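Summary of structural features
The primary structure of each chain is shown beneath.
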Amino acid sequence: MSVAYQIVDVLIAGMVAGLSAFVLSAITPRFSVTIGVILASMYYFSRNPWGSQNGDDLNRRIDDLYERYLPF
């Protein structure tokens, strides 16, 4: 995995954390940031964001998408 892939993973994880914290702040204002960080961590550390059984296939698709749009 190249550095560019990791940077994009961090950016996506940040967007997941920010958007989920924003949306959840209306429902659970005390725990919205915590839940956002948990969701972002799930994405970044596993690259299997929603716990599906076909994680390898999902990771290959994400890598193919990165290869298509990243120059490295």
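Residues numbered from 1 in each chain as written. Predicted model: local features only at pLDDT ≥ 70, side-chain atom pairs only at ≥ 80, totals over all residues. Heavy atoms only, no water.

**With respect to the pattern of salt bridges**
Inclusion rule: In the sections that follow, a salt bridge refers to a side-chain nitrogen of Lys or Arg positioned within 4 Å of a carboxyl oxygen of Asp or Glu. Each helix is a run of DSSP H or I of at least 4 residues and each strand a run of E of at least 2, with the numbering of both proceeding from the N terminus. Here the term buried applies to any residue with accessible area under 20% of the maximum for its type, exposed to any over 50%, and partly exposed to those in between, with areas from a 1.4 Å probe on protein chains only.
Applying the stated rule across the entire model yields two salt bridges. Note that D57 is salt-bridged to R60, the shortest N-O span being 3.7 Å. Taken together, the positions of D57 and R60, both in helix α3 (residues 55-69) and three residues apart, correspond to about one turn of that helix. Note on R60: relative accessible area 49%, which makes it partly exposed. A salt bridge links D57 to R61; the nearest nitrogen and oxygen atoms lie 2.9 Å apart. With D57 and R61 both in helix α3 and four residues apart, this pair spans about one turn of that helix. Residue class for D57 comes out partly exposed when judged on its relative accessible area of 26%.

**Some remarks on α3**
Note the cut-off: For a helix, the expected span equals 1.5 Å multiplied by the number of residues minus one. To obtain the arc, one takes the directions from the helix axis to the C-beta atoms. Any two residues whose heavy atoms approach within 4.5 Å at even a single point are treated as in contact.
Taking 1.5 Å per residue as the helical rise, α3 with its 15 residues ought to reach 21 Å, and the 21 Å between its terminal C-alpha atoms agrees with that figure. Residues of α3 that are buried include every one of G55, I62 and Y66, and no others. Considered in projection along α3, the buried side chains sweep an arc of 40° and stay on one side of the axis. Across from the buried face of α3, at angles greater than 90 degrees, the exposed residues are D56, R61, E67 and R68. Of the surrounding secondary structure, the elements contacted by the buried residues of α3 are α1 (3-24) and α2 (32-46).

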